[in-house]
Amino acid sequence: MACCKERLNSLVPSLICCLALAEAQVAIGQLFGKIKDIKDKAEKSEQMVKEITRDIKQLDHAKRHLTTSITTLNHLHMLARGVDSLEAMTRRRQYGEVANLLQGVVNVLEHFHKYMGIPQIRQLSERVKAAQSELGTQILADFEEAFPAQGSKRAGGPSNVLRDACLVANVLDPRIKQEIIKKFIRQHLSEYMVLFQENQDVAWLDKIDRRYAWIKRQLVDYEEKYGRMFPEEWCMTERIAVEFCHITRTELAKVMRTRAKEIEVKLLLFAIQRTTNFEGLLAKRFSGCTLTDGPGVKRPEPPLESTNPFLEDEVGDDGSEMEEDLDRPKKHKAPDNPFHGIISKCFEPHLYVYIESQDKNLGEMIDRFVSDFRAQGPPKAGTEDGGAVLPSCADLFVYYKKCMVQCSQLSTGEPMIALTTIFQKYLREYAWKILSGNLPKTSSNSGGLTIKSLLQEKEGSEAAKFNVEELCLICSILSTAEYCLATTQQLEEKLKEKVDKTLVERINLTGEMDTFSNVISNSIQLLVQDLDAACDPALTAMSKMPWQSVEHVGDQSPYVTSVIMHIKQNVPIIRGNLASTRKYFTQFCIKFTNSFIPKFINHLFRCKPISMVGAEQLLLDTHSLKTVLLDLPSIGSQVVRKAPASYTKIVVKGMTRAEMILKVVMAPHEPSVVFVDNYIKLLADGNPETFQKTLDMKGLKRSEQSSMLELFRQRLPTPPSGADGGPSFSFSTPTPEQENSRIRKLEKLIKKRL
């Protein structure tokens, strides 16, 4: 019993699950039944709606078909009546009514493209095409009758019939309109072809104004007589002008080819000027739509401002504008002239005449500059011209400006490159003949050197090689070269703007700018050499003085006074004449210092032997020169300016070396080790020759110098690997041997002159 009970208890859950599953299946079956009932009811409802709306849809389709049929019948009626009216109006030449009717008929016929299979519709379409063809032939015949192609006198003229015919031509095949325009323009310009034939006297370039005067009269006549006959969008006035330009270009090219030997530059420029002016007039009057757009395109509104791109440049065509144009800020570029070159292109093959003429004119201009300079002489000192830019420079660049503008109006291609080559040629000639050729020569202006001037101190006016006028001339040439350098760079930029983009790389004036830079360098070098040479007698006098016998230290020595006097004479003149080119005055100061200080040190080594008192006097003189050199940029000026840091550094470094040399000379040479170490510390110069010169200044004997030199070599610090032997102060100046050789040559030259 217990066992059976346990089995029954284990089966209870299974029985419960089975009962629940059965109940779920029954519920699902009921749900499916309800869904099926709903679906059946929906299908019945849909079928009922279809039955209700079936009649309504039929009525809608019937209404739509009926409307389409009525519309098509109306169109067909309109088409049939329109075709009949069109044929009747065509026969009666009622072009005013035809213009409106034809467009309507064509529009209505478009609705029947899908019905072309119907014979009656196809027949109407063929009748419309026949009417259009007949209209085209008839209109062309009417124009031929009104404006016959042959004969100079017109048989007819403008009429309302022809005006309406033009409206009809707008609707017909575009070829009809083009044929009307072509025949009318050809007939309108037939008189021009006769009057200006190649064999006629008025066909040559000297009477080119008559061509443009003729077309101006014809355009005015056209506007008065036929302006209202053609539709505005046909742009007939512009078309006549454009066709005139094409004919003129062809005829001018032909006549210039035949009479090429008779073309002169003035005649060519005259013709080109008149032609470009006419092209500019066309640009003001017309938009140029007929040059690029197709027939019938409406011309845009005329611009408020002139579209002539030459108005800005033409101001200076006569040379009235100065070269300051190159410095002006760039203005907004005017719109391109669509008519530029439409006639003037024919002159381009003959521009070699213009280029050759400019070559000749510039050559004559340079020769005139040379002769004027010789006649007028250099700028006078103390005047506004002293140190100023030479007037010939401005004249040259004004002429360049004029030539560049003229040539750019004629062509922006190879002729511009040829003109640039001419510019380069005469820029170099100006630099050589006017600037470099007129720089004073260092050997021609001195009154001849004497042995006395080499051995003793002379007054500044006798020692200086250049007088004040020559100094002003050098400064003027320097200022002119600087102006030419800057203006040549701007000229190159302007040429690149004018020339075709494909030729920009061939415009290069770097060589000419380098030439002017060399003139500037040579001018500065001349000024330096002049002041340097003026100081030479004083330095020579310094080296000849008996420094061993100086007994007491006084004021600065006479040679220092002489050097200062020369500096005070030359530097204010140079500074005043280079006021507009301050940077080059600074270069002059730096170059003079770099030349004078090494030369002073070389002459200092020649002062031997030197006593202690003599060394002290030289040290005082050196300090005086150092003070003067530091004040060199503003010496003699009421306005004291601080010298540039780069210049001050050079002076301090060079003159400090001279002071250190004298301090070494003043030091006792015993004990030797202390003397050598002190020398190495003060001068930081490992060159044995310099050390030996210092020993010579002290007046030591050769035997003593040998031991000192050996000790000097031993005490020199070992330079680091890769070093150049230790610190040293060097100048790019001649060695003492070269200096002695130069003096000997001068002495021989003087002896020969004496």
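Residues numbered from 1 in each chain as written. Predicted model: local features only at pLDDT ≥ 70, side-chain atom pairs only at ≥ 80, totals over all residues. Heavy atoms only, no water.

Looking up the protein in an unreviewed UniProt entry gives the name Vacuolar protein sorting-associated protein 53 homolog, with the organism given as Oncorhynchus tshawytscha. Listed under Sequence similarities (unreviewed entry) in UniProt, the entry text for the protein is "Belongs to the VPS53 family." (UniProt positions renumbered as here; feature names shortened; annotations may be inferred.)

Q: Please explain the overall build of the protein as it appears in this structure.
A: Looking only at helices and strands, the protein has 26 helices and zero strands in total. Put simply, the protein has 754 residues, and 42% of those count as buried. Accessible area of the protein: about 41300 Å², with a carbon and sulfur share of 54%. (Helix = DSSP H or I, 4+ residues; strand = E, 2+ residues; numbered from the N terminus. Buried < 20%, exposed > 50% of the residue type's maximum accessible area, 1.4 Å probe, protein only. Areas by Shrake-Rupley, 256 points an atom, 1.4 Å probe, with all protein chains shown as cover.)

Q: Looking at this structure, I do not really get the nonpolar core. What am I missing?
A: For soluble globular proteins, nonpolar side chains are generally found buried alongside one another. Core analysis: the biggest nonpolar cluster contains 171 residues, and Phe230 and Tyr430 have the highest contact counts within it. Ranked by residues supplied to this core, first place goes to helix H18 (residues 510-544) with 13 residues. In this structure Phe230 touches Phe143, Cys166, Ile180, Phe184, Tyr222 and Met236, once residues within four positions along its chain are discounted. (Core = buried A, V, L, I, M, F, W, Y, C linked by side-chain atoms within 4.5 Å. Contact = heavy atoms within 4.5 Å.)

Q: Just checking my understanding: could you explain the packing of aromatic side chains for this structure?
A: The description of two aromatic rings rests on the distance between their centres and on the angle between their planes. The final tally for this structure, using the stated rule, is 20 aromatic pairs. Between Phe369 and Tyr430 the ring centres are 6.2 Å apart and the planes differ by 85 degrees, which places this aromatic pair in the edge-to-face class. In this pair, Phe369 sits in helix H12 (residues 352-376) while Tyr430 sits in helix H14 (residues 414-435), placing the two residues 61 residues apart along the sequence. The pair formed by Phe369 and Tyr430 is uniform in burial state, with each residue classed as buried. For the ring pair Phe691 and Phe712, a centre distance of 4.4 Å and an interplane angle of 5 degrees mean the geometry is stacked. With Phe691 in helix H24 (residues 688-698) and Phe712 in helix H25 (residues 702-715), this residue pair connects regions lying 21 residues apart in the sequence. Residue class for Phe712 comes out buried when judged on its relative accessible area of 0%. One aromatic cluster is present, built from ring pairs that chain together Tyr192, Phe196, Tyr212, Trp214, Phe244 and Phe278. A cation over an aromatic ring shows up here: Arg259 above the ring of Trp204, its NZ or CZ 4.1 Å from the ring centre. (Phe/Tyr/Trp six-rings, centres within 6.5 Å; stacked < 30°, edge-to-face > 60°. Lys NZ or Arg CZ within 6 Å of the ring centre and 35° of its normal.)

Q: Would you mind going over a nonpolar patch on the surface with me for this structure?
A: A contiguous nonpolar surface patch, about 430 Å² in accessible area, is contributed by Ile28, Leu31, Phe32 and Ile35. Residue placement: Ile28 occurs in helix H1 (residues 2-92). You can call Ile28 partly exposed: its relative accessible area is 46%. (Patch = residues over 30% accessible without salt bridge, like charges linked within 9 Å, V, L, I, M, F, W, Y side chains within 5 Å. Salt bridge = Lys/Arg side-chain N within 4 Å of Asp/Glu carboxyl O.)

Q: How should I be thinking about the pattern of salt bridges in this particular structure?
A: Summed over the entire model, instances satisfying the criterion amount to 17 salt bridges. Of the charged contacts, one joins Asp359 and Lys425 as a salt bridge, the two residues approaching to 3.4 Å between their closest N and O atoms. Taken as a pair, Asp359 in helix H12 and Lys425 in helix H14 lie far apart in primary sequence, 66 residues in all. The class for Asp359 is partly exposed, based on a relative accessible area of 22%. Residue class for Lys425 comes out partly exposed when judged on its relative accessible area of 31%. In this structure, the salt-bridge partner of Glu414 is Arg506, at a minimum N-O distance of 2.8 Å. Of this pair, Glu414 sits in helix H14 while Arg506 sits in the loop between helix H17 (468-498) and H18; the two residues are 92 residues apart in sequence, bridging distant segments of the chain. The class for Glu414 is partly exposed, based on a relative accessible area of 43%. Judged by its relative accessible area of 48%, Arg506 falls in the partly exposed class.

Q: Explain the side chain of His350 to me, please; I cannot follow it from the model alone.
A: When you line up the elements, His350 lands in the loop between helix H11 (311-314) and H12. Each residue touching His350, except ones within four places of it in the same chain, is listed here: Met256, Arg257, Ile263 and Leu268.

Q: I keep staring at the side chain of Ser392 and nothing clicks. Help me out?
A: Mapping Ser392 onto the fold places it in helix H13 (residues 391-410). Overall, the relative accessible area of 12% leaves Ser392 in the buried class. Filtering out sequence-adjacent residues up to four positions away, Ser392 remains in contact with Phe369, Tyr430 and Ile434.

Q: Can you help me understand the packing of helix H8 (residues 236-258) against helix H9 (residues 265-285) in this one?
A: Describing two packed helices takes the angle between their axes plus the distance from one axis to the other. Two elements in contact, H8 and H9, have axes whose closest approach is 12 Å; the angle formed by their N-to-C orientations is 160 degrees. Comparing the axis directions of H8 and H9 gives the class roughly antiparallel. Seen from above, H8 lies across H9 with left-handed handedness. On H9, the residues touching Thr237, Ala241, Phe244 and Cys245 of H8 are Phe278, Leu282 and Arg285. Among the residues making up the contact of H8 with H9, the classes are represented as five nonpolar, one polar and one charged. (Axes fitted to C-alpha atoms, helices over the stretch in contact; angles between N-to-C directions. Parallel < 35°, antiparallel > 145°, perpendicular 65-115°, else oblique. Left-handed = near helix turned anticlockwise from the far one by under 90°. Nonpolar A, V, L, I, M, F, W, Y, C, P; charged D, E, K, R; others polar.)

Q: Even after reading the chapter, I still don't get H24, so can you show me in this structure?
A: Where H24 is concerned, the buried positions are Thr690, Phe691, Thr694, Leu695, Asp696, Met697 and Lys698. The N-capping residue of H24, defined by a side-chain oxygen 3.1 Å from the backbone nitrogen of Glu689, is Asn687. Downstream of H24 by a residue or two, Gly699 has a phi angle that is positive, lying close to 80 degrees. (Polar contact = N/O pair within 3.5 Å; in protein donor to acceptor, adjacent residues only side chain to side chain.)

Q: How should I be thinking about the state of the cysteines in this particular structure?
A: Two cysteines form a disulfide when their sulfur atoms are joined by a covalent bond. For the structure on display, the rule yields zero disulfides. For the unlinked cysteine Cys235, the closest cysteine sulfur is that of Cys289, found at 3.6 Å. (Disulfide = S-S within 2.5 Å.)

Q: Help me understand the environment of Asp395 in this model?
A: Take Asp395: it is sitting in helix H13. Accessibility expressed as a relative area gives 41% for Asp395, which makes it partly exposed. The spatial distance from the C-alpha of Asp395 to the C-alpha of Phe369 is 9.6 Å, given a sequence separation of 26 residues. In this view, Asp395 contacts Met365 and Phe369; residues no more than four positions away in its chain are not counted.

Q: When you look at the confidence of the model for the protein in this model, what are you seeing that I'm missing?
A: Note that predicted coordinates carrying low pLDDT should not be read in detail. Summary statistics for the protein give a mean pLDDT of 76 and a share of 74% for residues scoring 70 or more. Taken together, the stretch residues 721-740 has pLDDT below 50 and engages in 25 contacts with residues farther than four places along the chain or on a different chain. (pLDDT = per-residue confidence, 0-100.)

Q: What should I look at first to understand unusual backbone geometry in this one?
A: The phi torsion of most residues other than glycine is negative, and most of the peptide bonds are trans. The omega torsion across Lys608 and Pro609 is -10 degrees, close enough to zero to call that bond cis. With respect to the helices and strands, Pro609 occurs in the loop between helix H20 (582-606) and helix H21 (612-630). Backbone geometry at Cys235 places phi at a positive 50 degrees, although glycine is not the residue there. By the secondary structure assignment, Cys235 is in the loop between helix H7 (208-226) and H8. For Cys235, a relative accessible area of 6% corresponds to the buried category.

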